[in-house]
Amino acid sequence: MTQRNIESVNKSIDRILETVKGLSEETIRWKPTEDEWSIMQIIAHIVEALPYWVNEIEQLVETPGKVWGRNHLHEPRLEAVKPETLNAISVAQMIQALEEVKGQVQAGIEKLTAEQLAAEATSVNPNFGTKPISWIIDHLIDEHVNKHEGQINRNLAKVPN
């Protein structure tokens, strides 16, 4: 299972990289609306979120039964996408960081045993309830990056000609 997830995450990230490497910095930093994220913000979120979830999984393995997760007001999550934060980072640096996330995800989940993947823990988010570690990988890593790939493509469809 984890190998499938690793391959899926890598493919999604590779497609994102292929897309953004051909874009101008202006397009990458452009926001479709005030409420929507720029492509740069989406990438920054992926770069912050995937290692966060890998770390949460590592903590759950080390401390069975630990409560896991965060909400949308989690400070590091918000800080990662702030315009002030992103203005201090080049697009090239962000692309490099996205490349590196693939290895972080692989290193964090490839070593998990079937027993660890089946271990359940309760989320701080009541919408998630109690889930096995495999669910965190499927939904908050694999599916998550895939959804953001779609978000990038939707942003690109809105770029003025």
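Residues numbered from 1 in each chain as written. Predicted model: local features only at pLDDT ≥ 70, side-chain atom pairs only at ≥ 80, totals over all residues. Heavy atoms only, no water.

Undergrad: Please clarify how the overall build of the protein should be interpreted in this entry.
TA: In terms of helices and strands, the protein carries eight helices and two strands. Its helices and strands in sequence order give the protein the pattern α-α-α-α-α-α-α-β-β-α, from N to C terminus. For 161 residues, the compact-globule estimate of 2.2 N^0.38 gives 15 Å, and the protein sits close to it at 16 Å. With the C-alpha coordinates of the protein rotated into their principal frame, the extents come out at 50 × 30 × 25 Å. Burial status across the protein gives 43% buried among its 161 residues. In the protein, of all internal contacts separated by at least 6 residues, the share reaching a separation of at least 24 is 73%. Surface exposure of the protein reaches about 8,500 Å², of which carbon and sulfur atoms provide 51%. Here the protein contributes 16 positive and 24 negative side-chain charges, whose respective centroids are spaced 3 Å apart. (Helix = DSSP H or I, 4+ residues; strand = E, 2+ residues; numbered from the N terminus. Rg over C-alpha atoms; globule rule 2.2 N^0.38 Å. Buried < 20%, exposed > 50% of the residue type's maximum accessible area, 1.4 Å probe, protein only. Contact = heavy atoms within 4.5 Å. Areas by Shrake-Rupley, 256 points an atom, 1.4 Å probe, with all protein chains shown as cover. Lys, Arg positive; Asp, Glu negative; His and termini not counted. Charge placed at Lys NZ, Arg CZ, Asp CG, Glu CD.)

Undergrad: Before we go on, may I ask you to explain the nonpolar core in this structure?
TA: General note: in soluble globular proteins, nonpolar side chains tend to be found buried as a group. Counting 43 residues, the largest nonpolar core has Ile 43 and Leu 50 as its most contacted members. Counting only elements with at least two residues in this core, the list comes to α1 (2-20), α3 (39-62), α6 (91-109) and α8 (133-158). Here the element with the most residues in this core is α3; it accounts for 14 residues. Beyond its immediate stretch of four places on either side in the chain, Ile 43 contacts Ile 16, Val 20, Met 94, Leu 98 and Ile 152. (Core = buried A, V, L, I, M, F, W, Y, C linked by side-chain atoms within 4.5 Å.)

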